[in-house]
Amino acid sequence: HLGSVVAYFTSAKFLLYLGHALSTWGDRMWHFAVSVFLVELYGNSLLLTAVYGLVVAGSVLLLGALIGDWVDKNSRLKVAQTSLIVQNSSVILCGVILMIIFLFKTQLLTLYQGWLLTLCYILVITIANIANLASTATAITIQRDWIVVVAGEDRSKLADMNATIRRIDQLTNILAPMAVGQIMTFGSPMIGCGFISGWNLMSMCVEYLLLWKVYQKTPTLARKAAKVEASELKQLNVKKESDVKPAEGVQLIIEKDVSGFEPQQEKEVGCTARIAEPFITFRDGWVAYYNQPVFLAGMGLAFLYMTVLGFDCITTGYAYTQGLSGSVLSLLMGASAVTGIMGTVAFTWLRRKCGLIRTGLISGVAQFACLILCAISVFMPGSPMDLTVSPFADISARLFENEPLPTMASPEPEMIFATGMPNLSNGSIAPADSDPEMSPEPVPLLSVSLLFAGVIAARVGLWSFDLTVTQLLQENVIESERGIINGVQNSMNYLLDLLHFIMVILAPNPEAFGLLVLISVSFVAMGHIMYFRFAQKSLGKQLFVCHTPDPKEAPDSTPPGNTSTV
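Residues numbered from 1 in each chain as written. Predicted model: local features only at pLDDT ≥ 70, side-chain atom pairs only at ≥ 80, totals over all residues. Heavy atoms only, no water.

Looking at an unreviewed UniProt entry, one finds the chain named Solute carrier family 40 member, with Sterrhoptilus dennistouni as its source organism. On record in UniProt, under Function (unreviewed entry), the comment for the chain is "May be involved in iron transport and iron homeostasis." Turning to the chain, the UniProt record has this under Sequence similarities (unreviewed entry): "Belongs to the ferroportin (FP) (TC 2.A.100) family. SLC40A subfamily." (UniProt positions renumbered as here; feature names shortened; annotations may be inferred.)

Draft legend 1. Just the overall build of the chain, in detail. When you go through the chain residue by residue, the secondary structure sums to 18 helices and zero strands. Here the chain holds 566 residues, and 52% of them are scored as buried. (Helix = DSSP H or I, 4+ residues; strand = E, 2+ residues; numbered from the N terminus. Buried < 20%, exposed > 50% of the residue type's maximum accessible area, 1.4 Å probe, protein only.)

Draft legend 2. View of the packing of aromatic side chains. In total, this model carries 16 aromatic pairs according to the counting rule given. Between the aromatic rings of Y8 and F9, the centroid separation amounts to 5.6 Å while the plane-to-plane angle is 75 degrees, which identifies the pairing as edge-to-face. Centroid distance Y318 to F513: 4.0 Å. Interplanar angle 15 degrees. Geometry classified as stacked. Taken together, the residues span a long stretch of sequence, with Y318 in helix α11 (residues 313-321) and F513 in helix α18 (residues 513-539) at a distance of 195 residues. Owing to a relative accessible area of 5%, F513 belongs among the buried residues under this scheme. (Phe/Tyr/Trp six-rings, centres within 6.5 Å; stacked < 30°, edge-to-face > 60°.)

Draft legend 3. Layout of the side chain of H528. Positionally, H528 belongs in helix α18. Owing to a relative accessible area of 11%, H528 belongs among the buried residues under this scheme. There is a polar contact of 2.7 Å between the side chain of H528 and the side chain of Q367. (Polar contact = N/O pair within 3.5 Å; in protein donor to acceptor, adjacent residues only side chain to side chain.)

Draft legend 4. Geometry of the environment of L467. Along the polypeptide, L467 turns up in helix α16 (residues 446-476). Since its relative accessible area comes to 0%, L467 is described here as buried. In sequence terms L467 and L356 are 111 residues apart; their C-alpha atoms lie 9.6 Å from each other. If we ignore the near neighbours within four places in the chain, the residues touching L467 are N162, A163, R166, T344 and F347. (Contact = heavy atoms within 4.5 Å.)

Draft legend 5. Fine view of the pattern of salt bridges. Under the criterion given, the structure shown has 10 salt bridges. Across the pair R482 and D145 runs a salt bridge, and its minimum N-O distance is 2.7 Å. Of the two residues, R482 is situated in helix α17 (residues 482-506) and D145 in helix α5 (residues 115-151); the sequence distance between them amounts to 337 residues. Residue R482 is classed as buried on the basis of its relative accessible area of 10%. Residue R155 is joined to E475 by a salt bridge in which the shortest nitrogen-to-oxygen separation is 3.7 Å. (Salt bridge = Lys/Arg side-chain N within 4 Å of Asp/Glu carboxyl O.)

Draft legend 6. Geometry of the confidence of the model for the chain. When pLDDT is averaged along the chain, the result is 79; 77% of the residues meet or exceed 70. Across the chain, helix α10 (residues 295-303) holds the top mean pLDDT of 96, while helix α15 (residues 415-419) sits lowest at 37. Counting interchain partners and residues more than four positions distant, the pLDDT-below-50 stretch residues 402-440 has 75 contacts. Low pLDDT, under 50, characterises residues 550-566; the predicted model gives this stretch 27 contacts beyond four residues in sequence or across chains. (pLDDT = per-residue confidence, 0-100.)

Draft legend 7. Up close: α10. Taken across its nine residues, α10 has nine buried, putting it largely inside the fold. Here α10 has its buried residues at F295, L296, A297, G298, M299, G300, L301, A302 and F303.

Draft legend 8. Fine view of the environment of L16. The residue L16 is located in helix α2 (residues 12-41) in this model. Sequence spacing of L16 and M161 is 145 residues, and the spatial spacing of their C-alpha atoms is 9.6 Å.

Draft legend 9. Looking closely at the nonpolar core. Core analysis: the largest hydrophobic core is formed by 70 residues, its most contacted members being V308, L309, F452, V517 and Y531. When residues of this core are assigned to domains, at least three map to each of domain 1 (1-222) and domain 2 (275-390 + 444-544). Not counting residues within four places of it along the chain, the set of residues in contact with V308 comprises I314, T315, H500, M503, V504, F513, L516, V517 and S520. Core analysis: the next-biggest nonpolar cluster, separate from the first, contains 57 residues, V36, V91, M161 and L221 among them. (Core = buried A, V, L, I, M, F, W, Y, C linked by side-chain atoms within 4.5 Å. Domains from an automatic or database assignment.)

Draft legend 10. How the structure looks around the packing of helix α3 (residues 47-73) against α5. Contact geometry for α3 and α5: axes closest at 9 Å, N-to-C directions at 40 degrees. On the basis of the axis angle, α3 is oblique to α5. When you trace α3 past α5, the crossing you get is right-handed. Packed against α3, whose contacting residues are L48, V51, Y52, V55, V56, S59, V60, L63, I67, W70 and V71, the element α5 presents Y121, I125, A128, N129, N132, L133, T136, A137, I140 and T141 at the interface. Taken together, the residues of the contact of α3 with α5 break down into 16 nonpolar, five polar and no charged. (Axes fitted to C-alpha atoms, helices over the stretch in contact; angles between N-to-C directions. Parallel < 35°, antiparallel > 145°, perpendicular 65-115°, else oblique. Left-handed = near helix turned anticlockwise from the far one by under 90°. Nonpolar A, V, L, I, M, F, W, Y, C, P; charged D, E, K, R; others polar.)

Below you can see the structure in the form of C-alpha cells.
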C-alpha cells in the first residue's frame, strides 16, 4: 500500500495536478490583485481596470488563433517552458513596476507634467496583457494537449483528469484571492505586490522542474504529430464533411495556426508574404474551426459566456443594490464553488452511465431548468425591473446639474468576483440614499433569492457541460490541430464575453437588469440547442437511449472527426 501511495505521488498525473495548482494559484492571485491595484492607483476610478479588461479580451480575441498555431508548430516542452517563463517573468516585472509607482507616485506626478506616470500605467497594462497571453498558451498546451497524452488511450482516465483540473480551478478561484486580499488588507498594496512577485519567482522554478519531470515520465510527449500539408487537409475536411455536414454538424474552436498546413516553399518567402502570414493564419484558423465536426458543441459552450448569471462584478453589484450584504455574498460564492465541484463529480458519473455526448445533453437540460428560476425572479416581488426608466437618466441628470459623476458605481471588479466581499472602505459602493435616516423601506428579497438560487444550482449543469465539450474537443480534434482549434475557441469565448459587457454598458441601471437576465437565459438556451443539434447528428436514433458503454469497447475506436460512437 505504501508503494502504491508513493507511486501515485510521483506519477506524471499527480505532478501535472501539482504544477497546475501552483500555476492557477499564482494566476488567480494576480488577476485579483492587478484590478485592485489599478483602481487604487487611479483614484478609485474604474477607468484603468476597464481599459485593462478591454485590452486583455481584445488581445485574446485577435491573437487566439496565432497563439494556438505557435503551440502546434513547436515541441511540447519548448511551448510549455517558454509560456511559463514569459508569464511569470511578466508578472514579476509588473509587480516591481507597481511597487515603484506606489513608492514614488507623488514624484512621478510632477515629472514631465505627469506623462511619466501615464507611461508607467501603459507599461503595466501592456506587460500584464503579455502575461495573460502567455497564460492562455499555457492553458492550451497543458489542459488541451499534455493531459490528453498523459491519459493515453484511456478515455475514463482523461475524464477523471479533466474533472480534477476543474476542481483545482474551483478551489483556487476562491482561496487564492482571499489569501492575497488578506495580505493587502493587513499589510499594504506594496506588500501585496512584493508577495505576488516573490510567489511567482518561486512558483516558476518549481513548475519548470515539474514540467520537466512529467515530460521525462511520459515519453509520448516527445512525439508530436507532423503538420498536415494543404492537400492532406483538404482530403481530411472532405472526409469530415461526408461524415458530418459542417452546416449541420458541430464547430469547434481551435488554437492551431492553419498556416502551418501550407506546404513548405523552397524559395525564400517575400516580405509581403511574411506580413500577410498572421492574417492568413487568423483566417485559416477560423475556417478550420468551422470545419470541425464538433463546431456546434464549441459554439454552444461559447454562447454560455453571453450571460450576467454568474458571480462577476455585475451580478454581485446588482445583488448589493438589492440589499444583500458582503458577508451574504461571500457565503453565496462559497456555495457556488461547492455546486461547481458537484458538477465535476456529476460529469464523471454521468459519462460512465450514459456516455460523453448524452452527458452534455443532461447537463444542458439541468442548467437550463435551474436558470428558469432566474427568469421567474424577474417578475417576483422585489424585482426592480421597469423598462420605462431610461438607462442613462441618472447620468443625464448629473450632467445637467453639473454634478461630478461617481467614480465607482459598483463594487471593485475582481474583488467581489474573487471573494464576494465588497470593499467598503471608501463608501463608494453604498447607494446614494444609504443614510439610515433617509433609507427607504427594505426591498423584498424573494426576487434576488430566486435569482441566486437559480445561479448557484445551475453551476452543477454548467461545469458538467463545460467538461463535456472540453473532452469532445480533446478526443475529436486531430493532434496537429489542437492548438489552433482551442485558440479559436478561446477567441469565441472572449467575443461572447465582450458582448455581455457591452450589453451591460447599454443598460447599466438596476431597473433594466431583469431584461439582461431574460436575454442571458435566451443565449444559454440557444447554446444548448446548438449542442442538441450536434448530439442529434452524432447519435441519430440512439440519442435518447441511455446505456452503459461496453467496457470491452476499444477506447480509441472512434476516429478523429467522428463522434458517433464516443
